[in-house]
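Each chain, written out:
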Amino acid sequence: MTAIKNILGNFKRYSFLMKQLIVRDFKVKYKRSVLGVLWSILQPILMMTVMAIVFSQMFKFKVEGTNFLVYLMTGIIMFNYFSEASNLAMSSVVVNFSLINKVYIPKYIFPFAKCLFVGINFLLTLIPWLGIIVLSYFGLGQYTCHINIWYLLLPYVFICLFLFTLGIGLITACISVFLRDMFYIYGIILIIWNYMTPVFYSIEILPESLQTIFKLNPLYLYLTGARSIVLASARPSFTQMGMMLAYGVGTLIIGLLLFKKKQDKFIYYV
Amino acid sequence: MIKVDNVSMKFNLGMEAGSFKETFIALFDKKRRVSKQKNEFWALKNVSFEVKKGEVIGIIGSNGAGKSTLLKVISGVMKPTKGTVQTHGVISPMIELGAGFDPELTARENIYLNGAILGYSKKFLDEKFDEIVEFSELIDFLDVPIKNFSSGMIAKLAFSIATVVNPEILIVDEILSVGDIKFQDKSKNKMMSMINGGTTVLYVSHSLSTVKELCNRVIWIEHGEVVKIGKAKTVCDEYYKKQLG
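Note that the structure is a prediction, hence the values are computed from the model and not measured.

**Examining the interface of chain A and chain B**
Point 1. At the interface, 21 residues of chain A touch 29 residues of chain B.
Point 2. Roughly 2300 Å² of surface becomes buried between chain A and chain B when both sides are summed, with 65% attributable to carbon and sulfur atoms.
Point 3. Considering only the side of chain A, the residues that lose the most area to chain B are Phe16(A), Lys102(A) and Tyr268(A), jointly responsible for 29% of the buried surface there.
Point 4. Along the contact surface separating chain A from chain B lie 4 salt bridges.
Point 5. The closest approach of N and O atoms between Asp264(A) and Lys79(B), which form a salt bridge, is 3.0 Å.
Point 6. Counting the contacts that link chain A with chain B gives 5 residue pairs in polar contact (both at pLDDT 80 or more).
Point 7. Looking at the side of chain A that touches chain B, the elements with two or more residues in it are α1 (2-29), α4 (97-100) and α11 (266-269) of chain A.
Point 8. For the side of chain A that touches chain B, the leading source of residues is α1(A), giving 8 residues.

What follows is the structure, encoded as structure tokens:
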């Protein structure tokens, strides 16, 4: 009981610092750019346009019976959130070494702040994403995606994705302190992970046996969950929803335990 | 107030990961393996002392004697390898000024960022903002990114943020020599007023005259071990003799 109280007290005490770190990230990111924060919306729009042209016009990708554009975009924004947030979280501890070495700060704050920072960016990309969905009513991409009641479940999916990402971020941050090679290794892992997640293809094009393996990928679960809501107006099954939470919370717990166990040793390695 | 009990601190000098070749050879060739013990370095060895509330303690010793490590252990940045440290009360560590300043941000933004790092609340910073600015003498440069500041200006800003609180324990690592003469005088007065206000102070310095002036007691550390603890004047004189005599 006192442990929980301690954690919450700690959280409250350092929430201002967390906010400051996130604000700092935003300010530094858009320093000296004319359009500033507008880029957070503009950049995904441009990226989506390029991807849409490449995959639907050049490669002629499609998924039967669904609006491929929305299918693709949903996958891209969710996978990009995961890859960018976990990547930044991984380097956050090493990058902030000069701070850790001088002032006592709970170190989990750095990966956490990064995941939140990218999370806010993710929420901004939802605006152009919703724009595409609305445009599908007017004939964009052949099939119309109907906005439906299950949209209320999207925050649940996103929160589970956030927990999973934070967990991975804590684990990679921890490893990268002891093994700097991790920066390069994880870059490769992310590329492999990207291709193993059905972001721009449908899992049905794969052979049966491979499908079973690919379906174990937590990101597949999150992407499929969001897609079934948006594209098929269907609620993910309770098993799926339970698994989303289990993957998220489970990874987070592993991350936290590992981080907690190793954090006092960080100072000797950074 | 502060109780340091038998604290030892070990560093591994060979922490740098060996190259792939070295690691690979060491797997098979035992002789080539650098012995673990050879790489161990004890920055602190069985250090024990107690500090009472309101005391001003000076810490002296040559470079690399373990002074800063001791301060880091007390302020919680490092966990001691052996032994325990107990502290009661809010600690304000001024081990290095301006930790976490972001050069891209303006002075105004950095006050909030650095304040948050030092554990101040938003409300507190809002209240004390003017006081910090006034003390730092940088009112005309508030909205300038601090990458354009001189090092003296950055130090002034950092000192002003760090000393705006009234901590119960103040840990100071050689910072009174910040800024120009006028500011040095001002910062010394600020320290004095904190000391007179009952703050417990741990003060590391190479300036023996300041140590003698400010401190009640002095701890002399050499090679990670306590050589002597005692009255400021006695220990300082003995240290001076040993170093130069």
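**Things to note about the domain arrangement of chain B**
Residues and elements named next belong to chain B.
Point 1. One can read the domain layout of chain B as domain 1 (2-90 + 167-244) and domain 2 (97-165).
Point 2. Residue-level contacts link 12 residues of domain 1 with 12 residues of domain 2.
Point 3. When the two sides are added together, the surface that domain 1 and domain 2 hide from each other amounts to roughly 1100 Å², 72% of it contributed by carbon and sulfur.
Point 4. Across the contact surface, domain 1 and domain 2 share 3 salt bridges.

**A closer look at the layout of surface pockets**
To locate leftover empty space, one rolls a probe as large as a water molecule over the atoms.
Point 1. Taken as a whole, the largest pocket spans an internal volume of roughly 1600 Å³.
Point 2. Taken together, 50 residues line the largest pocket, and the ones lying closest to its centre are Asn10(A), Tyr14(A), Tyr104(A), Ile105(A) and Pro106(A).
Point 3. At the level of elements, α1, α6 (154-178) and α10 (238-262) of chain A together with α3 (67-75), β4 (82-87) and β5 (91-94) of chain B are the ones that each hand at least two residues to the lining of the largest pocket.
Point 4. Here the lining of the largest pocket takes 8 residues from α1(A), the largest share from any one element.
Point 5. Its residues assigned to classes, the lining of the largest pocket shows 33 nonpolar, 11 polar and 6 charged.
Point 6. In terms of domain composition, the lining of the largest pocket takes at least three residues from each of domain 1 (2-90 + 167-244) and domain 2 (97-165) of chain B.

**Topic: the state of the cysteines**
Residues and elements named next belong to chain A.
Point 1. Per the counting criterion, the structure on display carries 0 disulfides over all chains.
Point 2. No disulfide involves cysteine 115; its sulfur sits 14 Å from that of cysteine 174, the nearest cysteine.
Point 3. Judged by its relative accessible area of 2%, cysteine 174 is buried.

**Some words on the pairing of strand β8 (residues 217-222) of chain B**
All names here are of chain B.
Point 1. Summarising burial for β8: 5 of the 6 residues are buried, a large majority.
Point 2. Bridging between strand β3 (residues 56-60) and β8 involves 4 bridges; their strand directions are parallel. Opposite isoleucine 59, over in β8, you have isoleucine 219 as the bridge partner.
Point 3. Sheet analysis places β8 next to strand β9 (residues 225-231), joined by 6 bridges and oriented antiparallel. What sits directly across from arginine 217, in β9, is lysine 231.
Point 4. Linking two consecutive strands that pair antiparallel, namely β8 and β9, is a turn of 2 residues; a positive phi of about 50° is found at histidine 223 within it.

**Some details on the sheet that holds strand β1 (residues 2-12) of chain B**
All names here are of chain B.
Point 1. Strand order across the open sheet formed by 3 strands is β2-β1-β4, with antiparallel pairing between neighbours. Looking at the sheet topology across the chains shown, the edges are occupied by β2 (40-51) and β4. Taking each pair of neighbouring strands and ignoring which way they run, the sheet shows an average axis angle of 25°.
Point 2. Together, β1, β2 and β4 form the strand contacts of α3, whose direction differs from that of β2 by roughly 60°.

Quick notes on the rules
- Residues numbered from 1 in each chain as written.
- Chains lettered and ligands numbered in written order.
- Predicted model: local features only at pLDDT ≥ 70, side-chain atom pairs only at ≥ 80, totals over all residues.
- Heavy atoms only, no water.
- Contact = heavy atoms within 4.5 Å.
- Buried area = accessible area lost by both parts, 1.4 Å probe.
- Salt bridge = Lys/Arg side-chain N within 4 Å of Asp/Glu carboxyl O.
- Polar contact = N/O pair within 3.5 Å; in protein donor to acceptor, adjacent residues only side chain to side chain.
- Helix = DSSP H or I, 4+ residues; strand = E, 2+ residues; numbered from the N terminus.
- Domains from an automatic or database assignment.
- 1 Å grid on protein atoms, 1.4 Å probe; cavity = no way out; pocket = protein on both sides within 12 Å on 5 of 7 lines; lining within 4 Å.
- Points joined across faces, edges and corners; volume = space filled by probe spheres on them.
- Nonpolar A, V, L, I, M, F, W, Y, C, P; charged D, E, K, R; others polar.
- Disulfide = S-S within 2.5 Å.
- Buried < 20%, exposed > 50% of the residue type's maximum accessible area, 1.4 Å probe, protein only.
- Pairing = 2+ DSSP bridges.
- Axes fitted to C-alpha atoms, helices over the stretch in contact; angles between N-to-C directions.

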